[in-house]
Number of protein chains: 2
Amino acid sequence: MYLERISSPNDLKKLDTKELQLLCEEIRFFLLEGMSKYGGHVGPNLGVVELTVALHYVFDSPKDKIVFDVSHQAYVHKILTGRKNLYDIFRDRGAKSTYQRQNESEHDFFDLGLTSTSISLASGLAKGRDIFNNSETIIAVIGDGALSGGQAYEALNNAATQFDGKKSNFIIIVNDNEYSISLGVGGLHNHLKALRESNGTSGNNVFRALGYEYIYLEHGNDVTKCITTLQGSRAFDAPLVIHAHTTKGEGCHFAKIDPPKWHSVSISFDTRSGEFQQVAKQTKTVHYAQVGAEYISQMAGKDKAVIVILAGTPVLGHKFAQQHRQQCVDVGIAEANAVSFASGVAKYGAKPFVFIEGTFIQRAYSQLLIDLALNKNPAVIILHGSGIILQDSTHYGIFDIPLISHIPNLVCISPTCETEYIMMLDWAYEQQFPVIIRLSRDHNASMDRPRSAIAPIELNRYDVIRRGNTVAIIGLGIFFAIAIEVADTLKAHGVDVTLINPRFYSSLDKDTLSKLADDHCLVVTIENGVRECGWGERIAAFYAQSEALDRALTVLTFGADKEFADWVPFSELLERYELKSDKIVKKILNKIAKARR
Amino acid sequence: MYLERISSPNDLKKLDTKELQLLCEEIRFFLLEGMSKYGGHVGPNLGVVELTVALHYVFDSPKDKIVFDVSHQAYVHKILTGRKNLYDIFRDRGAKSTYQRQNESEHDFFDLGLTSTSISLASGLAKGRDIFNNSETIIAVIGDGALSGGQAYEALNNAATQFDGKKSNFIIIVNDNEYSISLGVGGLHNHLKALRESNGTSGNNVFRALGYEYIYLEHGNDVTKCITTLQGSRAFDAPLVIHAHTTKGEGCHFAKIDPPKWHSVSISFDTRSGEFQQVAKQTKTVHYAQVGAEYISQMAGKDKAVIVILAGTPVLGHKFAQQHRQQCVDVGIAEANAVSFASGVAKYGAKPFVFIEGTFIQRAYSQLLIDLALNKNPAVIILHGSGIILQDSTHYGIFDIPLISHIPNLVCISPTCETEYIMMLDWAYEQQFPVIIRLSRDHNASMDRPRSAIAPIELNRYDVIRRGNTVAIIGLGIFFAIAIEVADTLKAHGVDVTLINPRFYSSLDKDTLSKLADDHCLVVTIENGVRECGWGERIAAFYAQSEALDRALTVLTFGADKEFADWVPFSELLERYELKSDKIVKKILNKIAKARR
């Protein structure tokens, strides 16, 4: 057992080639055991065992600095840098990150989790190194999938000329496992294939074109060959690209057969068969994205002008792409291009529906603002998985409301239930301006109502579900469910409140809000997003600016704290943010009591 | 005179080769005359005269669709498509755009102005075309400078495989004039040079690598050769890159000598000498960016760890780069890379100062959020030219406050005057967290105070300049000047107001705000940015949520409307938004009168 002896990269350097090979086998077994219990990025990590062992064998971390793009593939790095005990890496995502974290180890230089940034960050480190006249090696490890993101190219372009003819000690390892999260796409994907198939010799080498030295490493899962290649890198002065061919899911037959399925799993599985061991869910929730997929498929069947645009995440499943081949475009991890491309599609008169995970819209703000909103082209953007979520801090989904809702011409809506989501898809399909539909990840099916029970959608109008007095509760999107709970509890306390589903969060229904001032003294907003700078604060600001100085209407806003929550369970977050109906009711009753005093 | 005969591209098709050459000369003369009077993008447009004439000669716009990247080089296109009368293009930027505009002509398919989007938009049009089974040609014209932006690459990558082996009728024209806005940078810049110098034959062709057919056109300023090349494009099935070598400023000796200087000018000049004819300025204003440049230069001289990072705009002038070669990095038009690179530099222990034009931070939100703010790396980002501004709608600078101020860990400040700006640079230099310094374009020098008269900067504390009662005026950044005017006028009306310079806009000084509630009934906020979702509304929301239900404190917020203002003069915008002290005073007096009734 060699793994037991490794508590830092230095321990690695004591092993010989044979022992390193055995170590790799142990690590792969250890990884698979861990991931089979707790989930994780199965394929990516099994693929980089040898490469990571070789990196830590040849280089001298943390003096030499390795930056893993996204760092979803950094489990092996974690194991080799003192984080192998107690299944630290996978066991409890509420307690421990799976990505690189500065506070975990001196071998982690950044808190990472989003794609295509590693070359920027590594070249920044190299600039710092050079200004202080140091000379250690700086390394970025980036997957072929992440190379579809524009920032990777911006950094490739710049780092190529950064070292000004001096010895660079700068290496970019392209970890080419032939897949993105989903299937690889685009011209570069084909180019990497051509390089692989020619053992790195095919012409028009894009890396050489940009000014890099280039080495092809066919056997990226052979630790000896990895070591030899990395040792050879010292001979190069110019920045160097090592194109390493690895196999996603190496050493695990089922992961190798279906790499998209095994990119990342969140439930336990059998290590021999790959069969999922479904954990009984505590509440009956459905994924909104899945709910919409079936309906979008119907829409696409009826109207060939419906074009679905995806950005690397296979949210509609492969069935959709197979059924509607001409009507489905996956641009890869390239959200900026996805949004502008959609603007072009809409301008031509077709009807694009772009599916982007809520947090990833952070990559396409400029394109929303200019190419879509200024141009008023009627694309529909569906942000799925937005809001408070058990996720890595780099993926925390609470910021998109203030990020987007100040954009002119952009209409943003959020449904309270599945049926209303379908209504919003229908509504958005008809509009001649861009529409954002914001979905949370899970959706409580018990909230659902038949279509006949839901008022038709009217632009920028709130849906007043129940008209009472004294207190108005406005719950946006999925958190309308909390608003109902609050209203029902208050009724039991003898307070007959007004209950509102606002639907729209890009502008206020000032008419409805103004009327509330007549016979209400308190307005309560509940949103599934950051409270500060959020949607509820705009309603609060509306009342603070209202005409009558003698008004005494107060607003209570509920939402997430302005923070990056890191793998905190959903229920714990609701507790932290006081997004529980009992807490909210208590606060409301206090306010009313004060007002009556 | 051929130009007189051209009112649409069809008229062009009646001319023979000799006549087209003469037309090009006329257009160049016409352009230079116009630009010499009204300013404009001199070099870029002089460079594309022949290429644009050839495009409209060979193709059939608007059926065939040409998308110009940025469209700063589309003056010739405008002239040829019915917009040559009365110097429409340049004469009055308040009335007419210099960029492409859908409402001007059926030959303009998008409202454009930002870089690196044309391939995305054009490939979207092509997808629309294909779904409707049409077959016209779609063309993107993109400069070598714009190719440094990541989105251009994302779209190049995708469009390469979009047509699935079918005839694409899709052309990307790389208009290579050897320059970005400033000097060209990066690996691609060198690669294009190698292609030029080898007449397009040098190995490792990056466009071929991605899957494009490729033609090199050395004589991009020879209309006959342009026409022959474009006509030849019909022979290709795969998407095609035409790499056209043009000369920035062709036909104008002084523009050719100093392309960065003549990229864009905003004042009139002599067409023979190129001498600027300085227009007497109405008010004494200085550019904040210039003010800082000298000081940053001193800082860099004292501390070699100070690294200035630029993103394509030569805001500090070339002198800085010459004096501090190792301490100045221009990443080209690649804001995302600039911010992440800065995070890397800061992580290593050096001190990056990133200069980005306010509106362009829209390209780097994700990098601010994750690579900088989540990682808490102490880079300083200076947003210059933010706020209400006479600019193209695509560059309107009012959105950055709501875009950025919700980001955790990011401290945002804005100075009221030059001296305070220098103090903020000093302060930011000392901090161990990321800092944004927000500057407007112009700065009224009369506002300036000596350093001894300005209170030291304290994190998240407002500077209470004058403590009065009844009304508090809080003016952010440059608009503090309006707050002073308002306060002085109110004093003449017998109202002794409180006057506050908030400095920080990323969080509220709740202590100071709470104390105001004791003896004030009205708080007024004035900001140089969008009012809805802006900084003032957060202060309004603070009071609406305050504890006492019996409070009667009202807030008046002043700022820009949620709109894209297009070349509207600054003074007209202030009028439109009621950002004039007399208007504000009137509203305040009304409020007070109501309260006393």
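Residues numbered from 1 in each chain as written. Chains lettered and ligands numbered in written order. Predicted model: local features only at pLDDT ≥ 70, side-chain atom pairs only at ≥ 80, totals over all residues. Heavy atoms only, no water.

**Q** It is not clear to me how the interface of chain A and chain B should be interpreted in this structure. Could you clarify?
**A** Frequently, the measure chosen for interface size is the accessible area removed from exposure when the parts meet. Contacts between chain A and chain B engage 121 residues on the former and 121 residues on the latter. In this assembly, chain A packs against chain B so that about 10,000 Å² is buried in total across both faces, 57% of it on carbon and sulfur atoms. Viewed at the interface, chain B and chain A are joined by four salt bridges. We note a salt bridge from E532 of chain B to R538 of chain A, for which the minimum N-O separation is 2.5 Å. Taken together, the connections running from chain A to chain B amount to 56 residue pairs in polar contact (both at pLDDT 80 or more). (Contact = heavy atoms within 4.5 Å. Buried area = accessible area lost by both parts, 1.4 Å probe. Salt bridge = Lys/Arg side-chain N within 4 Å of Asp/Glu carboxyl O. Polar contact = N/O pair within 3.5 Å; in protein donor to acceptor, adjacent residues only side chain to side chain.)

**Q** How should I be thinking about the pairing of strand β2 (residues 138-143) of chain B in this particular structure?
**A** Regular strands have side chains that alternate between both faces of the sheet. Residues and elements named next belong to chain B. Most of β2 is tucked away, with six of its six residues classed as buried. Here β2 shows two buried faces, one formed by I138, A140 and I142 and the other by I139, V141 and G143. The pairing of strand β1 (residues 65-68) with β2 spans four bridges and is classified as parallel. Along β2, the bridge assignment pairs V67 with A140. Of the strand pairs in this sheet, β2 and strand β3 (residues 170-176) are connected by six bridges, and their pairing is parallel. Looking at β3, one finds that I142 is bridged to V174. Crossover β2 to β3 through helix α7 (residues 150-162) is right-handed. (Buried < 20%, exposed > 50% of the residue type's maximum accessible area, 1.4 Å probe, protein only. Helix = DSSP H or I, 4+ residues; strand = E, 2+ residues; numbered from the N terminus. Pairing = 2+ DSSP bridges. Right-handed = clockwise from strand over helix to strand, strands pointing away.)

**Q** Just checking my understanding: could you explain the pattern of salt bridges for this structure?
**A** Opposite charge on two side chains permits them to pair, given that their charged atoms come into close proximity. Across all of its chains, the model carries 60 salt bridges over all chains by this definition. One salt bridge in this structure joins D426 of chain A and R451 of chain A, with 2.9 Å as the shortest N-O distance. Of this pair, D426 of chain A sits in helix α17 (residues 418-430) while R451 of chain A sits in the loop between β13 (442-444) and β14 (463-466); the two residues are 25 residues apart in sequence, bridging distant segments of the chain. Note that E50 of chain B and R28 of chain B form a salt bridge whose closest N and O atoms lie 2.9 Å from each other. In this pair, E50 of chain B sits in helix α4 (residues 49-58) while R28 of chain B sits in helix α2 (residues 17-38), placing the two residues 22 residues apart along the sequence. If you follow the salt bridges from partner to partner, you end up with K78, R83, E104 and D108 of chain A in one network.

**Q** Sorry, what's going on with the nonpolar core here?
**A** Counting residues in each nonpolar core, the largest one holds 258 residues, and the members touching the most others are I437, I473 and I588 of chain A together with I437, I473 and I588 of chain B. In contact with I588 of chain B, not counting residues within four places along its chain, are V471, I473, V486, L490, L522, V524 and L556 of chain B. In this structure, L112, I172, L188 and Y214 of chain B belong to the second largest nonpolar core, which totals 72 residues. (Core = buried A, V, L, I, M, F, W, Y, C linked by side-chain atoms within 4.5 Å.)

**Q** Would you explain the packing of helix α6 (residues 118-131) of chain A against helix α14 (residues 335-348) of chain B in this entry?
**A** When two helices pack together, you describe them by how their axes are tilted relative to each other and by the distance separating the axes. It is the contact of α6 of chain A with α14 of chain B, at a shortest axis distance of 7 Å, that shows an interaxial angle of 45°. Considered as vectors, α6 of chain A and α14 of chain B are oriented oblique to each other. For α6 of chain A against α14 of chain B, the interelement crossing comes out right-handed. Listed contacts from α14 of chain B to S120, L121, S123, G124, L125, K127, G128 and R129 of chain A of α6 of chain A are N337, S340, F341, S343, G344, V345, K347 and Y348 of chain B. (Axes fitted to C-alpha atoms, helices over the stretch in contact; angles between N-to-C directions. Parallel < 35°, antiparallel > 145°, perpendicular 65-115°, else oblique. Left-handed = near helix turned anticlockwise from the far one by under 90°.)

**Q** How do you make sense of helix α10 (residues 223-232) of chain B when you look at a structure like this?
**A** Spacing of three or four residues puts side chains on the same side of an α-helix, whose turn is 3.6 residues. All names here are of chain B. Those residues of α10 lying buried are V223, C226, I227, T229 and L230. For α10, the angular spread of buried residues about the axis comes to 165°, placing them on one side. Packed against the buried residues of α10 are α2, α4, β3, β4 (213-217) and β5 (240-245). One side-chain oxygen at the N-terminal end of α10 lies 3.0 Å from the backbone nitrogen of T224; it belongs to D222. (Arc of directions from axis to C-beta.)

**Q** Honestly, the relation of the copies chain A and chain B in this entry has me stumped. Any pointers?
**A** Under the fitted operation, chain A is carried onto chain B by 0.0 Å of movement along the axis and a turn of 180°, and the coordinates agree to an RMSD of 0.0 Å. Those values place the two copies in the arrangement expected of a two-fold rotation axis. Both copies contact each other with a shared surface, as 100% of the interface residues of chain A are interface residues in chain B too. (Least-squares fit on C-alpha atoms with pLDDT ≥ 70 in both.)

**Q** What is the right way to look at the packing of α2 of chain B against α4 of chain B in this model?
**A** All names here are of chain B. The N-to-C vectors of α2 and α4 enclose an angle of 130°; their axes lie 10 Å apart at closest approach. It follows that α2 is oblique to α4 by the angle criterion. Helix-helix and strand crossings are classified by hand; for α2 and α4 the assignment is right-handed. Listed contacts from α4 to L20, C24, I27, R28 and L31 of α2 are V49, E50, V53 and Y57. Of the residues assigned to the contact of α2 with α4, the class counts are seven nonpolar, no polar and two charged. (Nonpolar A, V, L, I, M, F, W, Y, C, P; charged D, E, K, R; others polar.)

**Q** Sorry, what's going on with the packing of aromatic side chains here?
**A** The relation between two aromatic rings is expressed through the spacing of the ring centres and the mutual angle of the planes. One pass over the full model with this rule turns up 23 aromatic pairs over all chains. Feature note: the residues F254, W262, F269 and F276 of chain A constitute an aromatic cluster, connected by ring pairs. (Phe/Tyr/Trp six-rings, centres within 6.5 Å; stacked < 30°, edge-to-face > 60°.)

**Q** Whenever I open this one, α6 of chain A confuses me. Can you help?
**A** All names here are of chain A. With 14 residues, α6 extends 20 Å between its outermost C-alpha atoms, agreeing within 8% with the 20 Å of an ideal straight helix rising 1.5 Å per residue. With 13 of 14 residues buried, α6 lies mostly within the body of the structure. Once α6 ends, the next one or two residues include N133, with phi positive near 55°. (Expected span 1.5 Å × (residues − 1).)

**Q** What exactly am I supposed to notice about the environment of P502 of chain B here?
**A** Residue and element names in this part refer to chain B. For P502, the position within the fold is in the loop between β16 (498-501) and α19 (510-519). Taking C-alpha positions, P502 is 9.0 Å from F480, a pair spaced 22 residues apart along the chain. Setting aside residues up to four positions removed in sequence, P502 forms contacts with R461, Y462, I474, G475, L476 and W535.

**Q** Would you mind going over the sheet that holds strand β5 (residues 240-245) of chain A with me for this structure?
**A** Strand pairing in a sheet is mediated by backbone hydrogen bonds. Such pairs are either parallel or antiparallel. Residue and element names in this part refer to chain A. With parallel pairing, five strands are arranged side by side in an open sheet as β1-β2-β3-β5-β4. Both outer strands of the open sheet, β1 (65-68) and β4 (213-217), are each paired with one neighbouring strand and no more. Looking at each pair of strands side by side, their axes are set apart by 20° on average, direction ignored. Along the sheet face, helix α8 (residues 186-197) touches β3 (170-176), β4 and β5 and points at about 80° away from the line of β5.

**Q** Would you take a moment to explain the state of the cysteines for this structure?
**A** By definition, a disulfide links two cysteine residues through a covalent bond between their sulfur atoms. Residue and element names in this part refer to chain A. One pass over the structure, following the stated rule, counts zero disulfides over all chains. Unpaired in terms of disulfides, C24 finds its nearest cysteine sulfur in C226, a separation of 8.3 Å. Cysteine C252 shares no disulfide, and the gap to the nearest cysteine sulfur, in C24, comes to 16 Å. Overall, the relative accessible area of 3% leaves C252 in the buried class. (Disulfide = S-S within 2.5 Å.)

**Q** For this particular structure, what's the right way to read the side chain of S440 of chain A?
**A** Note that S440 of chain A resides in strand β12 (residues 435-440). Owing to a relative accessible area of 9%, S440 of chain A belongs among the buried residues under this scheme.

**Q** Which parts of the structure should I look at to understand the environment of W567 of chain A?
**A** Residue and element names in this part refer to chain A. Inspection of the secondary structure assignment puts W567 in the loop between β18 (554-560) and α21 (570-576). Measuring from C-alpha to C-alpha, the distance between W567 and Y348 comes to 42 Å, with 219 residues separating the pair along the chain. Separated by 3.1 Å, the side chains of W567 and D392 make a polar contact.

**Q** Got a minute to help me understand the sheet that holds strand β14 (residues 463-466) of chain B in this structure?
**A** Residue and element names in this part refer to chain B. On the basis of which strands lie adjacent, the open sheet formed by five strands has the order β14-β16-β15-β17-β18 and mixed pairing. Of all the strands in the sheet, just β14 and β18 (554-560) have a single pairing partner and so form its edges. Adjacent strand axes in the sheet meet at a mean angle of 20°, parallel and antiparallel pairs treated alike. Looking at chain direction, strand β15 (residues 470-475) and strand β17 (residues 520-530) are connected through six bridges and run parallel. Following the sheet pairing, T470 is matched in β17 by H520. Of the strands in this sheet, β14, β15, β16 and β17 touch helix α18 (residues 480-492), which is tilted by about 175° from β16.

**Q** Please explain unusual backbone geometry as it appears in this structure.
**A** In most cases, non-glycine residues show a negative phi, while peptide bonds are predominantly trans. Each neighbour pair has its own omega, and for S61 of chain A with P62 of chain A the value is 10°, a cis peptide bond. Structurally, P62 of chain A can be placed in the loop between α4 (49-58) and β1. Of note, N133 of chain B is a non-glycine position whose phi angle comes to about 60°, a positive value. Mapped onto the elements, N133 of chain B comes out in the loop between α6 (118-131) and β2. N133 of chain B sits in the exposed class, given a relative accessible area of 65%. Although it is not a glycine, T470 of chain B adopts a positive phi angle of roughly 70°. Its place among the elements puts T470 of chain B in strand β15.

Just distances and angles here, no functional claims.
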